[in-house]
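A look at the structure
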Amino acid sequence: MITPGLARDLVTLGRLGEDTSTESVLRGLTTALAGGVPGCSGASAEHWRDHRVQVSGSHSELIMLVEGERELGEGPSIEARNSGGRASVTDVLSDSRWPRYDVLATRWGVRSALLVPIDVAPAVLVVGLYSVRPGAFSPQGAHSLADMLTEHVGVAMANMWEFEEVRTDAAQLQQALAGRSVIDQAKGIIMQTSGCTAEAAFEELRRISQHHQVKVADLARLLVDEHQRKSRH
């Protein structure tokens, strides 16, 4: 079930870029599996974190199948997530464990499926492989694929979360610097109009902000905007 092309595509999931996100990693994963696993007609990925789920699929029908399964409350994806082990359906036409799921899968042309849970703390991924023919996924191949997915997807998600933390910290720092800049501008305006010191100007800003229950940075921005309007006129 593992081809050189699939191995190469899974490695690239860990590469970061400005547009890297959970959605982009899941989309890349499902695309790689759909195109790289022999006998696989399509793939899905469920990202579970803090009781919230994000679903991606190589085909929109598979996203609807996964979401439909969750509404039914039965099926291999739910089994894999609850048990922490692989779940498979050799042929939906002869399977008797999840009759309502089998009807739904048949509607979307699915005959066999393999669901692999991957623990990437603090999240859990449930990766699904689907085929239009029965018996597409052998137990031996499923074991090797699960090991490979656990390794490469775990690295990709860890890199992505670390990247998101850095990006968030950078955005917060930029916001803090912008707030400090506008406060300095507001202090300058107060100093110019009242002839007070910088310390006294800041104390005046803080006094007014507390009185009106407004953040100092927001008050400073209002003061600067008002000053700029008056200057234009």
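Scroll up to find the structure.
In this report, the structure presented in the accompanying data block is examined. (Residues numbered from 1 in each chain as written. Predicted model: local features only at pLDDT ≥ 70, side-chain atom pairs only at ≥ 80, totals over all residues. Heavy atoms only, no water.)

1. Regarding the pairing of strand S2 (residues 52-57)
Which entries qualify depends on this criterion: The criterion for strand pairing is that DSSP finds at least two bridges linking the strands in question. Elements are defined by DSSP. Helices are runs of H or I of four residues or more, strands are runs of E of two residues or more, and each kind is numbered from the N terminus.
The pairing of strand S1 (residues 42-49) with S2 spans six bridges and is antiparallel. Residue pairing for S2: Ala45 is matched across the bridge by Ser56. The antiparallel pairing of S1 with S2 creates a hairpin that spans two residues between the two strands, and Asp50 there sits at a positive phi of about 55°.

2. As for the packing of helix H7 (residues 198-212) against helix H8 (residues 216-232)
Two packed helices can be described by the angle between their axes and the distance between those axes. For clarity, the cut-off: Under this scheme, a helix contributes an axis fitted over its contacting stretch, all axes are lines through C-alpha atoms, and angles between N-to-C directions fall in the 0 to 180 degree range. Angle categories: roughly parallel below 35 degrees, roughly antiparallel above 145, roughly perpendicular from 65 to 115, and oblique for all the rest. Any two residues whose heavy atoms approach within 4.5 Å at even a single point are treated as in contact. In this classification, the charged set is Asp, Glu, Lys and Arg, the nonpolar set is Ala, Val, Leu, Ile, Met, Phe, Trp, Tyr, Cys and Pro, and all remaining amino acids, among them Gly, are polar.
Taken N-terminus to C-terminus, the directions of H7 and H8 make an angle of 105°; their axes are 9 Å apart at the nearest point. Comparing their axes, H8 and H7 come out roughly perpendicular. Two secondary-structure elements touch here, H7 through Phe202, Leu205, Arg206, Ile208 and Ser209 and H8 through Val216, Leu219, Ala220 and Leu223. By residue class, the composition of the contact of H7 with H8 is seven nonpolar, one polar and one charged.

3. Regarding the packing of aromatic side chains
Using the following cut-off: Note on aromatic pairs: the rings of Phe, Tyr and Trp (six-membered ring only in Trp) are paired at centre separations within 6.5 Å, and the planes decide the class, stacked below 30 degrees, edge-to-face beyond 60, tilted for the rest. Cation placement over rings: the criterion is NZ of Lys or CZ of Arg within 6 Å of the ring centroid and within 35° of the ring normal.
For the structure shown, the criterion picks out zero aromatic pairs. Across from the ring centre of Trp48, 3.6 Å away, lies the NZ or CZ of Arg81, which sits over that ring.

4. Topic: the pattern of salt bridges
Keep this limit in mind: For this document, the term salt bridge refers to a Lys or Arg side-chain nitrogen within 4 Å of an Asp or Glu carboxyl oxygen.
This model, assessed by the stated rule, comprises nine salt bridges. Of the charged contacts, one joins Arg27 and Glu23 as a salt bridge, the two residues approaching to 3.5 Å between their closest N and O atoms. Placement of the pair is Arg27 and Glu23 together in helix H2 (residues 22-36), with a separation of four residues, close to one helical turn.

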